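Per-entry structural report
Single-letter residue listing:
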Amino acid sequence: MPSTSHARPATSPFRQPKAVWAVAFACVVSFMGIGLVDPILPALADDLHATPSQVSLLFTSYLVVTAVAMLVVGAVSSRIGAKRTLVVGLVIIVVFAALAGASDSIGGIVGFRAGWGLGNALFIATSLAVIVASASGGFAGAIILYETALGLGIAVGPLLGGELGSISWKGPFFGVSALMFIALVATIAFVPSLPRPARKTSLAAPLKALRHRGLLIMGLTALLYNWGFFTMLGYAPYPMELDAHKLGLVFTGWGLLVALFSVFFAPRLQGRFGTAKVLYANLAALGIVMTVIGAGVGTPSTVIIAVIVSGAFIGINNTLTTQAVMLVSPVERPIASSAYGFVRFIGGGLAPFVAGKIADAWSLSIPFYLGAVAFVLAIFVLSTGHKLLGEAERGLATPADTARLEPLSAAATGRPVIVAVGATPDAAATVDAAAGIARGLGSPLEVVHVRETVVIEELAVDPEEVGAARAALTAHLERLAGDGIAATGQLLHSVGDHAAAARVLAAHASDVDARAVAVGPSPRGPLAQFTDGSFTAALTGAATSTVLLVSPGAEPRELTPAALAELRA
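The sections below set out a description of the structure shown in this document. (Residues numbered from 1 in each chain as written. Predicted model: local features only at pLDDT ≥ 70, side-chain atom pairs only at ≥ 80, totals over all residues. Heavy atoms only, no water.)

Per the secondary structure count, the protein includes 24 helices and eight strands. Against the 2.2 N^0.38 benchmark of 25 Å for 569 residues, the protein shows a C-alpha radius of gyration of 25 Å, consistent with a compact globule. With respect to the three principal axes, the spread of C-alpha positions in the protein is 80 × 50 × 50 Å. A separation threshold of at least 6 residues defines the contact pool for the protein, and within that pool the share at least 24 residues apart is 84%. For the protein, the accessible surface area stands at approximately 21500 Å², while carbon and sulfur atoms represent 65% of it. Charged side chains in the protein number 34 positive and 32 negative. The centres of these two groups are separated by 5 Å. (Helix = DSSP H or I, 4+ residues; strand = E, 2+ residues; numbered from the N terminus. Rg over C-alpha atoms; globule rule 2.2 N^0.38 Å. Contact = heavy atoms within 4.5 Å. Areas by Shrake-Rupley, 256 points an atom, 1.4 Å probe, with all protein chains shown as cover. Lys, Arg positive; Asp, Glu negative; His and termini not counted. Charge placed at Lys NZ, Arg CZ, Asp CG, Glu CD.)

Below, the structure written as structure tokens:
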């Protein structure tokens, strides 16, 4: 919702408990690992007298173990709790990153990277949930902090890898181990024990989830995408013919584009064009980039520019593919994430191994051409689920947690006035103001709450449990019934950023032909609205009904693009 002159002052998203900062620091280091190794690949090959295909096994062992571990992390976390899962993951990373740095053989490093992959799976499966659970002032601040950690990690990782790698290829491994040790101590000291889920996750649940057509299609699309992505990540450093320091700068530019386009541009493109269309265009663009790299392996400048540019498309794809998974999946979010993670990491793990064999047998261009083919095949696979994805995005495929709550007393009939409520201190006052508007128009009142699944890059989290959302909505209806006001309640579900929740609300208002949609003042500051999308601006742009801003003690104000611009001034 927009920053307005009569909205409450927003709490800074960076004013968080020590627990949040401890995990956020660990997230920065974890995201560094994405590009930390790339600058040292040629040095590793030279110093250890290994071929590029042998060095590529650093990716294969890491990602294949991560993939298999994704099948069990949900079961582990539901049994020992999120904090213990996080701590175990950090311990494993600290130990195996140090062992990789201490190793003097490529086989040893490959083996220790496998252990690192296990720790990484445990960490990434719980880190975002722990930050959201530990944050103060709602989840918006936690999301901003996590997005900041993502951006810093992806951008700084290659730079740090290049600087440490210019001293020794062992530097990045020991650096990660030392930084993760600091994060481990801070996590143990500051993160409180978090409640375990009410229900334990079955070990077989992720594999059973792949029986669902939509989830399987998106998983296979991600497998093919990751095949192309990790082919580029594992082999592009060699034709660049740069030292570790300069490679670090190249992948820093790449990482900046990944972070910017995943956080800022992907949600806006999705809101304007739809998930499927953006993914089709994006995968096609990646196919072109990979073809350019394959054709230009003899020209280092061509490879360098193509790799940096690819960061924009990779950032978009990471976010929107995960969002598509959450849209079409009929199972719980943690199970869907585990099943999807298993399939996509398998693709990322096998690609460098196969690319190495092909490069050794023929030429370095062939793996990149194969990666381009993988991107094109991903378009074809995605198209087989086009209708399913479109229906899920339009809300025609109703999630299991979307439900209508019946009125607690006789409700009027006709076009309703909808009031959108969130977990804010003035929610009751907003509902009361909307009730007055409905009474004046002779319309029924419908209280709506949108439960959000937030997607950040390749991770998704549910900041609010279904039961808690339903209970809060029921409390509003009971209070209205006690005052003699009949109302119905509607619990909706959105996937994406805060603006996506507004579009879901606008679609529902259109479906019921609402006379007006009332919203309260925003508790979120300008920074939250910029990074996570403005709810009110998106609602005003998408709604066919009148949108009213209601504030205690003030007259309702119709929101239009011109009114929003005036309020922001």
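Because the α-helix completes a turn every 3.6 residues, residues three or four places apart line up on one side. The largest bend in helix α13 (residues 244-273) comes to about 45°, at Phe265, with the proline Pro267 one to four residues further on. Downstream of α13 by a residue or two, Gly274 has a phi angle that is positive, lying close to 95°. (Bend = angle between axes of the 7 residues up to and from the residue.)

So, on to helix α6 (residues 106-124). Along its 19 residues, α6 runs 26 Å from first to last C-alpha, staying within 8% of the 27 Å computed at 1.5 Å per residue. In terms of burial, α6 is a largely internal element, 15 of the 19 residues being buried. (Expected span 1.5 Å × (residues − 1). Buried < 20%, exposed > 50% of the residue type's maximum accessible area, 1.4 Å probe, protein only.)

Okay, a nonpolar patch on the surface next. A surface patch of nonpolar side chains, about 200 Å² in accessible area, is lined by Val91, Val95 and Leu99. In this fold, Val95 is placed in helix α5 (residues 82-102). (Patch = residues over 30% accessible without salt bridge, like charges linked within 9 Å, V, L, I, M, F, W, Y side chains within 5 Å. Salt bridge = Lys/Arg side-chain N within 4 Å of Asp/Glu carboxyl O.)

Applying the stated criterion across every chain, the model contains five salt bridges. A salt bridge links Lys170 to Asp104, with the nearest nitrogen and oxygen atoms 3.1 Å apart. In this pair, Lys170 sits in the loop between α8 (139-167) and α9 (171-190) while Asp104 sits in the loop between α5 and α6, placing the two residues 66 residues apart along the sequence. Between Arg415 and Asp513 there is a salt bridge whose closest N-O contact spans 3.3 Å. Residue Arg415 is located in the loop between β1 (403-405) and β2 (417-420), and its partner Asp513 is located in the loop between α21 (498-511) and β6 (516-519); the two are separated by 98 residues in the primary sequence. The class of Asp513 is partly exposed, set by a relative accessible area of 41%. Several salt bridges converge on common partners, so that one network encompasses Arg333, Arg451 and Asp462.

Another aspect to go through is the environment of Gln323. When you line up the elements, Gln323 lands in helix α15 (residues 300-328). Since its relative accessible area comes to 3%, Gln323 is described here as buried. Expressed as a C-alpha distance, the spacing of Gln323 and Gly287, which sit 36 residues apart in the sequence, is 21 Å. Contacts of Gln323, omitting those with residues within four sequence positions, involve Gln270, Thr275, Val455, Val495 and Gly496.

Just distances and angles here, no functional claims.
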